[in-house]
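Inside the fold
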Amino acid sequence: MKYKISDLITLLGCEVKGDLSLEYISGLAPFFQAKEDSLTFASDEKFLKSLNETKAKVIIVPDIKVFPNIGKMFLVVKENPRTLMPKLLGFFKKKVKPFEKQIEDSSKIGKNVSIAPGVYIGHDCVIGDNVTLYPNVTICEGVEIGEGTVIYPNVTVREFCKVGKNCVIQPGAVIGSDGFGFVKVNGKNTKIDQIGRAVVGNNVEIGANTTVDRGAIGDTVIEDYTKIDNLVQIAHNVILGENCLIVSQVGIAGSAEVGDNTTIAGQTGVAGHLKIGKNVVIGAKSGVSGDVADNQLLSGYPLMDHREDLKVRVSMKKLPELLKKVRNLEKKLLDK
Amino acid sequence: MKYKISDLITLLGCEVKGDLSLEYISGLAPFFQAKEDSLTFASDEKFLKSLNETKAKVIIVPDIKVFPNIGKMFLVVKENPRTLMPKLLGFFKKKVKPFEKQIEDSSKIGKNVSIAPGVYIGHDCVIGDNVTLYPNVTICEGVEIGEGTVIYPNVTVREFCKVGKNCVIQPGAVIGSDGFGFVKVNGKNTKIDQIGRAVVGNNVEIGANTTVDRGAIGDTVIEDYTKIDNLVQIAHNVILGENCLIVSQVGIAGSAEVGDNTTIAGQTGVAGHLKIGKNVVIGAKSGVSGDVADNQLLSGYPLMDHREDLKVRVSMKKLPELLKKVRNLEKKLLDK
Amino acid sequence: MKYKISDLITLLGCEVKGDLSLEYISGLAPFFQAKEDSLTFASDEKFLKSLNETKAKVIIVPDIKVFPNIGKMFLVVKENPRTLMPKLLGFFKKKVKPFEKQIEDSSKIGKNVSIAPGVYIGHDCVIGDNVTLYPNVTICEGVEIGEGTVIYPNVTVREFCKVGKNCVIQPGAVIGSDGFGFVKVNGKNTKIDQIGRAVVGNNVEIGANTTVDRGAIGDTVIEDYTKIDNLVQIAHNVILGENCLIVSQVGIAGSAEVGDNTTIAGQTGVAGHLKIGKNVVIGAKSGVSGDVADNQLLSGYPLMDHREDLKVRVSMKKLPELLKKVRNLEKKLLDK
């Protein structure tokens, strides 16, 4: 893709500073993942201090007065760049083609693919050899499905997402739903288009009615051999490493990263923007609200060493009794 | 609609007291929401004490011996009115028409509506202009969809529900499933037909595989600009105010009310029949079991001030140590 | 079905001991549920000590050196029998027939069945009289649906499962998804085919987007009159008794058993391989990690008497204050 920078300048009503020679960008990308021809944006101090650490040559910034001479074009906006997000992502959102028929003509279907009644395959999809698509599966425009993958009934794979080889997607799972991204514009919750993808590796299993959101900008990624149980929520821009086990009803919030070979047991919640290491086991019903180092067995909310958590839980039962004891102790001490 | 009161009397086998002049009712309604021509029922003391506070002219009551002369017709039942619910709601449940074709002839489709393969649109539906219906969406009988709304694949909107303008319904979401309403009849769980609707306002987003139950009697309501994440449960007769954010895997039980501009973070549970105020923020994994006033930041289970909850959580880790300390203190005091 | 034991011996590369006269088995079954002509396996001490307590005449075992002379054939494997599971269950997994048309010819449809557009009915299905199948329902091969059952849109019932009479399956529910069964083979999570079924009794209700996994070996069972709310997870080989109420977002892990007339409130998690008795009520957001006797009202995590749990929760709020008090007490005692 190729977008005219002048169109963007008109849309955002911004001033231009720095290197003015560029005319086109290839798209929008997160600060540290951007390529030379990407546009990115720097809203917080964290990014503004590191303007030479992004490869992007075009950066949206607030008015920072002094623009470093580092061969970059700065698009200077007056509002908080966050408020511009709906406009900005709307600009980069790919237009989709109209629905025409059950299996759109431009889709490429491999050899020995089994397509059941009620399956829809969108424009420009690529379906690998030996794929099985059960009834009422919907594969939206531009999706790639790797060879040997089995997709059970009523699954949705949304636009431009990618599922690897030899995956199993259980019934009702959703891959590529929009992430939960909103900002207040004039006080009202306003949608930020989610222009990234969900990218699922090889030999991945995704459970029944599990939801995997697409990335806001950049992708949500599930790596090879990771197995996800039923009714799990994987939010936008989560990175799940290889060979993980994510048990039923776990929720992983936006931009969290989970290392290889990690297991997260049922009903645990993982907060956004944190990192869980490799070879970690997190017990059921836990709450993860900070980074977790490699090779640990943890549980609880707050999260702690699993044996410690067991002790805390046993202790909790004694709490009403403990309150009484302390009252008695206080009384005795006062009596003296 | 118009129902003969005499048919109802035969069905319930009830006595009639008070004003006997009425012949028809328009339907069944909750006590305080009833209109003049509604039927309602008063089972508990709370309602029996306030018989003149409902607008309904016809009221089902247990045998209260003295019937106030307030221009109302009383249908006097011998059993607990709760046990009659399956019969009563069965009586008022609208019959649906048989499936005939993919897009039923009596449905009204606006201009520039995009209808993908596999979409079903039931009898008497009204689909607004510029609506997009992705593949394998099912719109049941009598549903209204406002203009500009986008409904992603494999979504179900059940009978007689309403979705406003410019909404986005992510894949697999369910709007208007039956609420979880059962009573024991001869010891067996027996279904109470759910005759209300789910009514979704304008500019609402509903996440992937989220479920919004229809009302038992009266409606489940989601007001304008409220955004709901994936895998959220909204039970029957919940009222969600305007401009709320309900994060993934939250569950809101029956008849709970949530005020405008309130945010409920992931995996929180809200008990039934309570009120959460406006501008409230409730942290992740909390349990809400009582009313919540406006303008608060709360978390935990039990729910408390968020800073207090953080302190409690830190303290929990010290609990096993605390038990030891208190044992030592007791010993020292005894030793003296 | 009939499987040649010699094929199995070749597949597993195992030695044979004990009674060598048998040639065929009917299938694979759990140790205590096996029939005379079943194959079963004994990996743990627990089973190896009780080899004469299974009815199965053919048993897969590790090399136990001394093979009791009890009229059984022993298939002796060198690896841990668990590692063999993917091979073993793959051997017994039934092959499914190719998709041919919307309603496959070999399916038997009862009288007065309502089949909406977009419904798929697989080979060899049996659909009872007066069943209603809403749009985009998928009934996979070999499924039986009892008379009078209503199945709402976008529901999936997977291969060989059984749903009883007069059930109601809300939209998007999944019955018979694969259980979450994996073993590490060369360090990689490797799927164990799930060859059991999900078997749903009569008068059962299953909520919107709820998932009921099929058994690994043997069946997942939901008995008569049990009602399950939305977004509930029922894992492989769970046995849910009669007349239970399972509220929204509950998760019940593999092989747990729940007795008759038991209620489990919202967002509770039940660990695997445990037994909950009859007439039990478990409060919302609880964690059940051990067996539960009959006739109890429990809640909390850890699970305890419900009144005790309420006291513990109230006490938790006082914990930061309590820590201070104990520090003060210690100080006072030291000062003396």
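For clarity, every value in this text was computed on a predicted model and none was experimentally measured.

Here we look at the relation of the copies chain A and chain C
Mapping chain A onto chain C leaves a residual RMSD of 0.1 Å; the transformation is a rotation of 120° accompanied by 0.0 Å of translation along its axis. Accordingly, the operation relating the two chain copies is best matched by a three-fold axis.

What to know about the sheet that holds strand β27 (residues 233-234) of chain A
All names here are of chain A. Strand order in the open sheet formed by 9 strands is β10-β13-β16-β19-β24-β27-β30-β33-β36, and the pairing between neighbours is parallel. Each edge of the sheet is formed by a strand with only one pairing partner; in this case those strands are β10 (120-121) and β36 (287-288). Bridge count for strand β30 (residues 251-252) against strand β33 (residues 269-270) is 2 bridges, and the pairing is parallel. Bridging from a neighbouring strand, Ile-252 pairs with Val-270 of β33.

Examining unusual backbone geometry
The omega torsion of the bond from Tyr301(A) to Pro302(A) falls at 15°, within 30 degrees of zero and hence cis. Despite not being glycine, Asn261(A) has its phi angle at roughly 60°, a positive value. Along the chain, the position of Asn261(A) falls in the loop between β31 (257-258) and β32 (263-264). Judged by relative accessible area, Asn261(A) falls into the partly exposed class, the value being 33%. Positive phi is not limited to glycine here, since Asn154(C) has a value of about 65°. Residue position: Asn154(C) is located in the loop between β15 (150-151) and β16 (156-157).

Comments concerning the interface of chain B and chain A
For interface size, the figure often reported is the accessible area lost on association. Taken together, the contact between chain B and chain A spans 46 residues of the former and 61 residues of the latter. For the pairing of chain B and chain A, the buried interface totals around 4200 Å² over both sides, and the portion due to carbon and sulfur atoms is 62%. Together, Lys285(B), Lys317(B) and Leu333(B) form the three largest contributors to the area buried by chain B at its contact with chain A, with a combined 13%. Here chain B and chain A share 2 salt bridges between them. Of the charged contacts in the structure, one is a salt bridge between Lys188(A) and Glu242(B), with a shortest N-O distance of 3.6 Å. In this structure, the connection of chain B to chain A is made through 30 residue pairs in polar contact (both at pLDDT 80 or more). Of all the elements in the fold, those that place two or more residues in the side of chain B that touches chain A are β12 (132-133), β26 (227-228), β29 (245-246), α4 (306-316) and α5 (319-335) of chain B. Per-element accounting of the side of chain B that touches chain A gives the leading share, 8 residues, to α5(B). When grouped by side-chain class, the residues that make up the side of chain B that touches chain A number 26 nonpolar, 11 polar and 9 charged.

A closer look at the sheet that holds strand β34 (residues 275-276) of chain C
Residues and elements named next belong to chain C. The strand order across the open sheet formed by 9 strands is β8-β11-β14-β17-β22-β25-β28-β31-β34, and the pairing between neighbours is parallel. Either end of the sheet is taken by a strand with one partner, and the two such strands are β8 (108-109) and β34. Pairing geometry for strand β28 (residues 239-240) and strand β31 (residues 257-258), over 2 bridges, is parallel. When the sheet's bridge partners are listed, Ile-239 is paired in β31 with Glu-257.

A short note on empty space enclosed by the protein
Counted by the stated rule, this structure contains 4 cavities of 30 Å³ or more. Roughly 510 Å³ of internal volume is contained in the largest cavity. For the largest cavity, the lining is made up of 21 residues, of which Lys285(A), Gln267(B), Lys285(B), Gln267(C) and Lys285(C) are closest to its centre. Only α4 (306-317) of chain A, α4 of chain B together with α4 (306-316) of chain C provide two or more residues apiece to the lining of the largest cavity. Computed from the structure, the second largest cavity encloses a volume of approximately 70 Å³. Lining the second largest cavity are 14 residues, and of these Asn154(A), Gly172(A), Asn209(A), Asn154(C) and Gly172(C) sit closest to its centre. Taken together, the residues of the lining of the second largest cavity sort by class into 3 nonpolar, 11 polar and no charged.

Here we look at the environment of Ile109(C)
All names here are of chain C. Mapped onto the elements of the fold, Ile-109 is located in strand β8. The exposure class of Ile-109 is partly exposed, given its relative accessible area of 34%. Put simply, Ile-109 and Cys-125 are 16 residues apart on the chain and 8.0 Å apart in space, counted from C-alpha to C-alpha. In this structure, Ile-109 is in contact with Ile-103, Ile-115, Ile-121 and Ile-127, ignoring residues within four places of it in sequence.

Describing the side chain of Asn209(C)
Structurally, Asn209(C) is set in the loop between β23 (205-206) and β24 (211-213). Overall, Asn209(C) belongs to the buried group, its relative accessible area being 1%. Of the polar contacts made by the side chain of Asn209(C), one reaches the backbone oxygen of Gly172(B); its length is 3.1 Å. In this structure the side chain of Asn209(C) is engaged in a polar contact, spanning 3.0 Å, whose partner is the backbone oxygen of Asn209(B).

Examining the packing of aromatic side chains
Enumeration according to the criterion identifies 33 aromatic pairs over all chains in this entry. Centre to centre, the rings of Phe99(B) and Tyr120(B) are 5.7 Å apart; their planes meet at 75°, and the pair counts as edge-to-face. With a gap of 21 residues between them, Phe99(B) in the loop between α3 (81-92) and β8 (108-109) and Tyr120(B) in strand β10 (residues 120-121) connect regions that are remote in the sequence. Pairing Phe31(C) with Phe32(C) gives two aromatic rings, centres 4.9 Å apart and planes at 80°, and the pair type is edge-to-face.

A short note on the interface of chain A and chain C
Between chain A and chain C, the residue contacts involve 45 residues of the former and 61 residues of the latter. For the pair chain A and chain C, the summed buried area comes to about 4200 Å², and 62% of that belongs to carbon and sulfur atoms. By the criterion of area lost to chain C, the three top residues of chain A are Lys285(A), Lys317(A) and Leu333(A), representing 13% of everything that side buries. For the interface between chain A and chain C, the tally reads 3 salt bridges. Along the contact surface separating chain A from chain C lie 30 residue pairs in polar contact (both at pLDDT 80 or more). Mapped onto the side of chain A that touches chain C, the elements with two or more residues apiece are β12 (132-133), β26 (227-228), β29 (245-246), α4 and α5 (319-335) of chain A. Broken down by element, the residue count for the side of chain A that touches chain C peaks at 8 residues, all from α5(A). In terms of residue class, the side of chain A that touches chain C is built from 25 nonpolar, 11 polar and 9 charged.

A look at a positive patch on the surface
Together, Lys311(A), Lys318(A), Lys324(B) and Arg327(B) line one region of the surface with positive charge. With respect to the helices, strands and loops of the structure, Lys311(A) is situated in helix α4.

With respect to the confidence of the model for chain A
A residue-level look at chain A finds 100% of positions with pLDDT of 70 or above and a mean pLDDT of 95. Two numbers describe this predicted complex: its pTM, 0.96, and its ipTM, 0.96.

Here's the deal with the packing of α4(A) against α5(B)
It is at 8 Å that the axes of α4(A) and α5(B) come closest, and there the two elements cross at 55°. In this view, α4(A) runs oblique relative to α5(B), as classed from their interaxial angle. In contact with Lys311(A), Val312(A), Ser315(A) and Met316(A) of α4(A), α5(B) contributes Leu319(B), Pro320(B) and Leu323(B). Each residue belonging to the contact of α4(A) with α5(B) can be placed in one class, and the counts come to 5 nonpolar, 1 polar and 1 charged.

So, how was this worked out
- Residues numbered from 1 in each chain as written.
- Chains lettered and ligands numbered in written order.
- Predicted model: local features only at pLDDT ≥ 70, side-chain atom pairs only at ≥ 80, totals over all residues.
- Heavy atoms only, no water.
- Least-squares fit on C-alpha atoms with pLDDT ≥ 70 in both.
- Pairing = 2+ DSSP bridges.
- Helix = DSSP H or I, 4+ residues; strand = E, 2+ residues; numbered from the N terminus.
- Buried < 20%, exposed > 50% of the residue type's maximum accessible area, 1.4 Å probe, protein only.
- Contact = heavy atoms within 4.5 Å.
- Buried area = accessible area lost by both parts, 1.4 Å probe.
- Salt bridge = Lys/Arg side-chain N within 4 Å of Asp/Glu carboxyl O.
- Polar contact = N/O pair within 3.5 Å; in protein donor to acceptor, adjacent residues only side chain to side chain.
- Nonpolar A, V, L, I, M, F, W, Y, C, P; charged D, E, K, R; others polar.
- 1 Å grid on protein atoms, 1.4 Å probe; cavity = no way out; pocket = protein on both sides within 12 Å on 5 of 7 lines; lining within 4 Å.
- Points joined across faces, edges and corners; volume = space filled by probe spheres on them.
- Phe/Tyr/Trp six-rings, centres within 6.5 Å; stacked < 30°, edge-to-face > 60°.
- Patch = residues over 30% accessible without salt bridge, like charges linked within 9 Å, V, L, I, M, F, W, Y side chains within 5 Å.
- Areas by Shrake-Rupley, 256 points an atom, 1.4 Å probe, with all protein chains shown as cover.
- Lys, Arg positive; Asp, Glu negative; His and termini not counted.
- Charge placed at Lys NZ, Arg CZ, Asp CG, Glu CD.
- pLDDT = per-residue confidence, 0-100.
- Axes fitted to C-alpha atoms, helices over the stretch in contact; angles between N-to-C directions.
- Parallel < 35°, antiparallel > 145°, perpendicular 65-115°, else oblique.

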